[in-house]
Number of protein chains: 2
Amino acid sequence: MKNNNYCIIMSGGIGNRFWPYSNEKTPKQFLDFFGTGRSLLQSTFDRFNKIIPKENIFVVTNDGYAELTREQLPELSEDQILLEPIRRNTAPCIAYASFRIQAINPEANIIVTPSDHLILKSDQFIADINKGLDFVQHHDVLLTLGVKPSRPETSYGYIQVCVDKVEGVHKVKTFTEKPNRELAQAFVDSGEFVWNSGIFIWSLKSILNAFKTHLPDISNKFNDGAHLFNTEKEKEFIDSSFPFCPNISIDYGVLEKADNVFVIISSFGWSDLDSWTSLHDASQRDESNNVNLNNDVIYIESSNNVVATSSKKLVVIQGLEDYIIAESDKTLLICKKKEEHRIKHFMTDARFKFGDEF
Amino acid sequence: MKNNNYCIIMSGGIGNRFWPYSNEKTPKQFLDFFGTGRSLLQSTFDRFNKIIPKENIFVVTNDGYAELTREQLPELSEDQILLEPIRRNTAPCIAYASFRIQAINPEANIIVTPSDHLILKSDQFIADINKGLDFVQHHDVLLTLGVKPSRPETSYGYIQVCVDKVEGVHKVKTFTEKPNRELAQAFVDSGEFVWNSGIFIWSLKSILNAFKTHLPDISNKFNDGAHLFNTEKEKEFIDSSFPFCPNISIDYGVLEKADNVFVIISSFGWSDLDSWTSLHDASQRDESNNVNLNNDVIYIESSNNVVATSSKKLVVIQGLEDYIIAESDKTLLICKKKEEHRIKHFMTDARFKFGDEF
């Protein structure tokens, strides 16, 4: 029997937040952050491959990461790696993969997922995904996985949830991107809000309809070439049309505007790993609350640090508290954790002074 | 005309104080600490080669550093590199080289110098050395270069100087090793004390007499084999006799006991570079008092640090004050400067846990 369930893994991020541990050459999703032997992308693939046949899994990434993706996921055939000729946020990325899937199976149900998140409770996660796939088969909805907030995090998007449920699934009332501290605290206290995980489930028909309604630019452009998807002319079409798509996220472009957005409230141990602090929170810590990735560290009078050296290096740290120590083969960064929002600026400054190879 | 002036460069140190920037494999004297293109050993050779013919310069080092020494000083012939089969402080080292020189030129005057000190005012230094060589030709003395103290340093040896002078050279009253802070301050305030640079000048006859009187063990042992020095049997003799020499410094074994010790009071910009702090004091600093060796560093809200990475690596540091950041290809150390006396302990601990290769 034909399997109608598909998965789109978005894997085009450039990972500058973890500079210099990750960088444009090897973004975060391609790194084995937790020393498990599998990169975040590979772990994402493994997670979904438990319920989705591998031939129904597509990775959308940037042209420049084609080789890395092939190396890390030899399970995929060449035509399962969709290459964006230019960076264009999540809406064009999802539209591209959706039109490809339309050409293969118009009855598809689709999971859309980032490639670089951490999921701790895999079984719980899979149960929620299965529940979602089941739900979207029978309802014309855009479904997102919401995570019960454990703290007033200001770097996440929040979803306000209606009390009423359909088959255990809540309708969404509002979206709020990155609230300030007070607002985030109020959200958490209210009990009405969940974190937006950025993991979505919907039927192909629902998402194509949503594009048609809310992002007609993208919808029209790809509809013009709909007959070219899944043919040898697809690449030429994408290379010429994709750069003209608006640079817009699926959240802003579709979900915040649509009135059929629903959410499954989950608690599967999630982190979007979008900052050193969230990485620190999500990782196994020693008795002094230090986190180290992939290397041997001796801590002396040191606590609350994150140490990430890409090479196999012994690190000895004395008298440091709340610092990030991150290294690539070319660069070493030592920075207070609470100043991590400035790292991109440090990187830009370093490259301006010493060259783009850093 | 035969040149009677000789130089013994002591180059057997293992450099653990600068671990991991330096280590047993590449001790401090073999490193280009100041990015001049020449290691400390090479700089020492260059300094003396201005006034001593290269064939009169001997390097005494450990067996294990023969190859490194040959590489760094191709100017020396094989028999100018004297190899200790085992580590035995400075007295046996100096005795070995002195007996070799005796076999070549009994009329020799000898400069003895560490290989890993910093001399900033080379011209002043050479003038003092020449003055010393001149003095020891006509006096049976053991001459040391003393440095006017600029601060109450507690890691140096101090020499108390008699007021009376002979040809501008002072007689020594007492030696004091590493005084505590109060004593060091009193020494500096008194104006009677100078730092012991560990650079000595004497005639071969005077030092051999001093060994005979104060270290008869060493003197007798080497006298038994005196006819073997500078022959093909020297190595065999040294390998069998040297390990039985007492482990004793020339300061403790000879200078503190002899009554013919004199000192030239100098100010040639000297540092023995025996600690990160002394290195920091001796080095060129940026406007925030940071020192970096051989690499590109961006400091942000950071002051009074020393950064020493052995590879060509960009280092970005935010929010650090008074730290040492030292790196080898295998190890990274971050440590408060005021805790540097514990670095040897950190090293021992690291090796115990992770192996001797670090």
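Per-chain numbering applies: the sequence of each chain, read as written, is numbered from 1 onward. Written order decides the labels, with chains lettered from A and ligands numbered from 1. The predicted nature of this model means local features are confined to residues of pLDDT at least 70 and side-chain atom pairs, given and counted, to a pLDDT of 80 or more, with totals for whole chains, interfaces and linings taken over all residues. Side-chain descriptors were evaluated using all non-hydrogen atoms of the structure, hydrogens and water having been removed beforehand.

*Asks:* I'm lost on the sheet that holds strand β12 (residues 291–293) of chain B in this one. Help?
*Replies:* Pairing between the strands of a sheet comes from backbone hydrogen bonds, and it takes one of two forms, parallel or antiparallel. DSSP calls a pair of strands paired once it identifies at least 2 bridges connecting them. Secondary structure elements are taken from DSSP: a helix is a run of H or I of four residues or more, a strand is a run of E of two residues or more, and numbering for both begins at the N terminus. Reading across from one edge, β13(A)-β15(A)-β17(B)-β16(B)-β14(B)-β12(B) is the order of the 6 strands in this open sheet, with mixed pairing throughout. Single-partner strands in this sheet number two, and they are β13 (297–300) of chain A together with β12 of chain B. Shown here is a sheet whose adjacent strand axes are inclined to one another by a mean of 5°, direction ignored. Across 4 bridges, the pairing between strand β15 (residues 314–318) of chain A and strand β17 (residues 331–336) of chain B is parallel. Note that in β17(B) the partner of A:Ile317 across the bridge is B:Ile334. Interaxial angles span 0 to 180 degrees and are taken between N-to-C directions of axes, which are lines fitted to C-alpha atoms, for helices over the stretch in contact.

*Asks:* For this particular structure, what's the right way to read the pattern of salt bridges?
*Replies:* A pair can form between side chains of opposite charge whenever their charged atoms are brought close. All names here are of chain B. We define a salt bridge as a contact between a side-chain nitrogen of Lys or Arg and a carboxyl oxygen of Asp or Glu at a distance within 4 Å. Scanning the model with the defined rule gives 38 salt bridges over all chains in all. One salt bridge connects Arg 38 with Asp 46, and the closest N-O pair in it is separated by 2.8 Å. Of the residues examined, Arg 38 reaches a relative accessible area of 26% and is grouped as partly exposed. For each residue, the accessible area found with a 1.4 Å probe, counting protein chains only, is set against the maximum for its type, and the residue is called buried under 20%, exposed over 50%, and partly exposed in between. Judged by relative accessible area, which is 29%, Asp 46 ranks as partly exposed. Lys 173 is the partner of Glu 192 in a salt bridge, and the nearest nitrogen-oxygen pair spans 3.8 Å. In this pair, Glu 192 is assigned in the loop between α5 (181–190) and β9 (193–203) and Lys 173 in strand β8 (residues 169–176), connecting sequence segments 19 residues apart.

*Asks:* For this particular structure, what's the right way to read the interface of chain B and chain A?
*Replies:* Accessible area lost when the parts come together is the quantity often used to give the size of an interface. In this complex, chain B contributes 33 residues to the contact, which on the side of chain A involves 33 residues. Simply put, the buried area is the total loss of 1.4 Å probe accessible area from both parts when two parts are fitted together. It is B:Leu314, B:Gln318 and B:Leu332 that lose the most area in chain B upon contact with chain A, and together they represent 24% of the buried surface on that side. One can count 4 salt bridges joining chain B with chain A. Between B:Arg342 and A:Glu301 there is a salt bridge; the shortest N-O distance is 2.7 Å. N or O atoms closer than or at 3.5 Å make up a polar contact, with two conditions inside protein: a donor-capable atom paired with an acceptor-capable one, and, for residues adjacent in sequence, both atoms drawn from side chains. Taken together, the links from chain B to chain A amount to 20 residue pairs in polar contact (both at pLDDT 80 or more). Examining the composition of the side of chain B that touches chain A, we find that 6 residues originate from one element, β17(B), more than from any other. Residue polarity follows a fixed list, in which Ala, Val, Leu, Ile, Met, Phe, Trp, Tyr, Cys and Pro are nonpolar, Asp, Glu, Lys and Arg are charged, and the others, Gly among them, are polar. For the side of chain B that touches chain A, the class distribution of residues is 18 nonpolar, 4 polar and 11 charged. A contact between two residues is defined here by any heavy atoms of the two lying within 4.5 Å.

*Asks:* I keep staring at unusual backbone geometry and nothing clicks. Help me out?
*Replies:* Backbone geometry follows two general trends: most residues other than glycine have a negative phi, and most peptide bonds adopt the trans configuration. All names here are of chain A. Looking along the chain, the bond that leaves Trp 19 and enters Pro 20 is cis, with omega of 0°. When you line up the elements, Pro 20 lands in the loop between β1 (5–10) and α1 (40–49). Backbone geometry places Leu 273, a non-glycine residue, at a positive phi of 50°. Along the chain, Leu 273 turns up in the loop between β11 (270–271) and α10 (276–282). For Asn 289, which is not a glycine, the phi torsion comes out positive at approximately 70°. For Asn 289, a relative accessible area of 27% corresponds to the partly exposed category.

*Asks:* How do you make sense of helix α8 (residues 234–241) of chain A when you look at a structure like this?
*Replies:* Residues spaced three or four apart along an α-helix face the same direction, because each turn holds 3.6 residues. Residues and elements named next belong to chain A. Glu 234, Phe 237, Ile 238 and Ser 241 are the residues of α8 that are buried. Looking straight down α8, one finds its buried side chains confined to an arc of 95°; they lie on one side. Packing partners of the buried residues in α8 comprise β3 (81–84), α3 (90–104) and α7 (216–224). As used here, the arc belongs to the directions running from the helix axis to the C-beta atoms.

*Asks:* Help me understand the relation of the copies chain B and chain A, please; the structure alone is not making it clear to me.
*Replies:* Look at the two chain copies: a rotation about an axis and a shift along it is all it takes to match them. Our superposition of the copies is a least-squares fit, built on the C-alpha atoms of residues whose pLDDT is at least 70 in both. Between chain B and chain A, the superposition needs a rotation of 180° and an axial shift of 0.0 Å, giving an RMSD of 0.1 Å. Taken together, the turn and the small shift mark the pair as related by a two-fold rotation axis. A share of 100% of interface residues in chain B that are also interface residues in chain A marks the association as one of identical surfaces.

*Asks:* Would you mind going over the packing of aromatic side chains with me for this structure?
*Replies:* Aromatic rings in a pair are described by how distant their centres are and how their planes are angled relative to each other. Here is the rule: rings of Phe, Tyr and Trp (six-membered ring for Trp) pair when centre to centre is within 6.5 Å. Planes less than 30 degrees apart are stacked, more than 60 are edge-to-face, and the remainder are tilted. In the structure shown here, the tally under the stated rule is 46 aromatic pairs over all chains. Seen from their ring centres, A:Phe48 and A:Phe125 are 5.6 Å apart, and the 75° between their planes marks the pair as edge-to-face. Pair noted here: A:Phe48 is in helix α1 and A:Phe125 is in helix α4 (residues 122–138), with a separation of 77 residues, a long-range link. Relative accessible area serves as the criterion here: at 0%, A:Phe48 is assigned to the buried category. Relative accessible area serves as the criterion here: at 0%, A:Phe125 is assigned to the buried category. Pairing A:Tyr96 with A:Phe229 gives two aromatic rings, centres 6.1 Å apart and planes at 55°, and the pair type is tilted. Here A:Tyr96, found in helix α3, pairs with A:Phe229, found in the loop between α7 and α8; they are 133 residues apart in sequence, far enough to count as distant. Neither A:Tyr96 nor A:Phe229 differs from the other in exposure class; each is buried. Following the ring pairs from residue to residue traces out a cluster consisting of A:Tyr96, A:Phe99, A:Phe222, A:Phe229, A:Phe237 and A:Phe242. By definition, being over a ring means that NZ of Lys or CZ of Arg is both within 6 Å of the ring centre and within 35 degrees of the ring normal. The aromatic ring of A:Phe125 is capped on one face by A:Arg47, whose charged end is 5.9 Å from the ring centroid. Above the ring of B:Tyr252, the side-chain terminus of B:Lys257 is found at 4.5 Å from the ring centroid.

*Asks:* What am I meant to see in empty space enclosed by the protein here?
*Replies:* Here the idea is plain: a probe the size of a water molecule rolls over the atoms and shows the empty space left. Residue and element names in this part refer to chain A. Think of a 1 Å grid over just the protein atoms. A cavity is a set of points where a 1.4 Å probe fits yet cannot get out, a pocket is an open set with protein on both sides within 12 Å along at least five of seven lines, and lining residues have an atom within 4 Å of a point. Grid points are joined across faces, edges and corners, and a volume is the space filled by probe spheres set on the points. Taken as a whole, this structure holds 1 cavity of 30 Å³ or more when the rule is applied. Space inside the largest cavity adds up to approximately 30 Å³. Lining the largest cavity we find Gly 157, Tyr 158, Phe 175, Thr 176, Glu 177, Asn 196, Asp 251 and Glu 256. Split by residue class, the lining of the largest cavity holds 2 nonpolar, 3 polar and 3 charged.

*Asks:* How should the packing of helix α3 (residues 90–104) of chain B against helix α7 (residues 216–224) of chain B be read in this particular structure?
*Replies:* Angle between the axes and distance between the axes are the two parameters that describe a pair of packed helices. Residues and elements named next belong to chain B. Two elements in contact, α3 and α7, have axes separated by 11 Å at closest approach and are oriented at 30°. Our classification of the angle between α3 and α7 gives roughly parallel. As for the relative orientation of α3 and α7, their crossing is right-handed in sense. Of α7, the residues touching α3 (which contributes Ala 91, Pro 92, Ala 95, Tyr 96 and Phe 99) are Ile 218, Ser 219, Phe 222 and Asn 223. Should an angle fall under 35 degrees it is taken as roughly parallel, and over 145 as roughly antiparallel, whereas 65 to 115 is taken as roughly perpendicular and any remaining angle as oblique. Crossing handedness: left-handed means the near helix sits turned counterclockwise from the far one by under a right angle, and right-handed means the same turn made clockwise.

*Asks:* Looking at this model, I keep getting lost on helix α11 (residues 343–354) of chain B. Mind explaining?
*Replies:* Expected span, for any helix, means 1.5 Å times one less than how many residues it has. When the terminal C-alpha atoms of α11(B) are compared, their 16 Å separation across 12 residues agrees well with the 16 Å that a helix rising 1.5 Å per residue should span. Listing the buried residues of α11(B) in full gives B:Ile343, B:Phe346, B:Met347, B:Ala350 and B:Arg351. The arc enclosing the buried residues of α11(B), seen along the axis, measures out at 130°, which places them on a common side. Every exposed residue of α11(B) that faces more than 90 degrees away from the buried side is listed here: B:His345 and B:Phe352. Where α11(B) is buried, its residues meet β13 and β15 of chain A together with α10 (276–282), β16 (323–327) and β17 of chain B. A positive phi of about 115° marks B:Gly355, the residue just after α11(B).

*Asks:* Help me understand the sheet that holds strand β12 (residues 291–293) of chain A, please; the structure alone is not making it clear to me.
*Replies:* Strand order across the open sheet formed by 6 strands is β12(A)-β14(A)-β16(A)-β17(A)-β15(B)-β13(B), with mixed pairing between neighbours. Edge positions in the open sheet fall to β12 of chain A together with β13 (296–300) of chain B, since each of these has one partner strand only. Pairwise comparison of adjacent strand axes, ignoring direction, gives a mean angle of 5° for this sheet. Each of β16 (323–327) and β17 (331–336) of chain A together with β13 and β15 (314–318) of chain B touches helix α11 (residues 343–354) of chain A; the most contacted strand, β13(B), lies at about 140° to it.

*Asks:* I'm lost on the environment of A:Asn49 in this one. Help?
*Replies:* Residue and element names in this part refer to chain A. Mapped onto the elements, Asn 49 comes out in helix α1. Judged by its relative accessible area of 31%, Asn 49 is partly exposed. Distance in space between the C-alpha atoms of Asn 49 and Cys 7 is 9.1 Å, their sequence separation being 42 residues.

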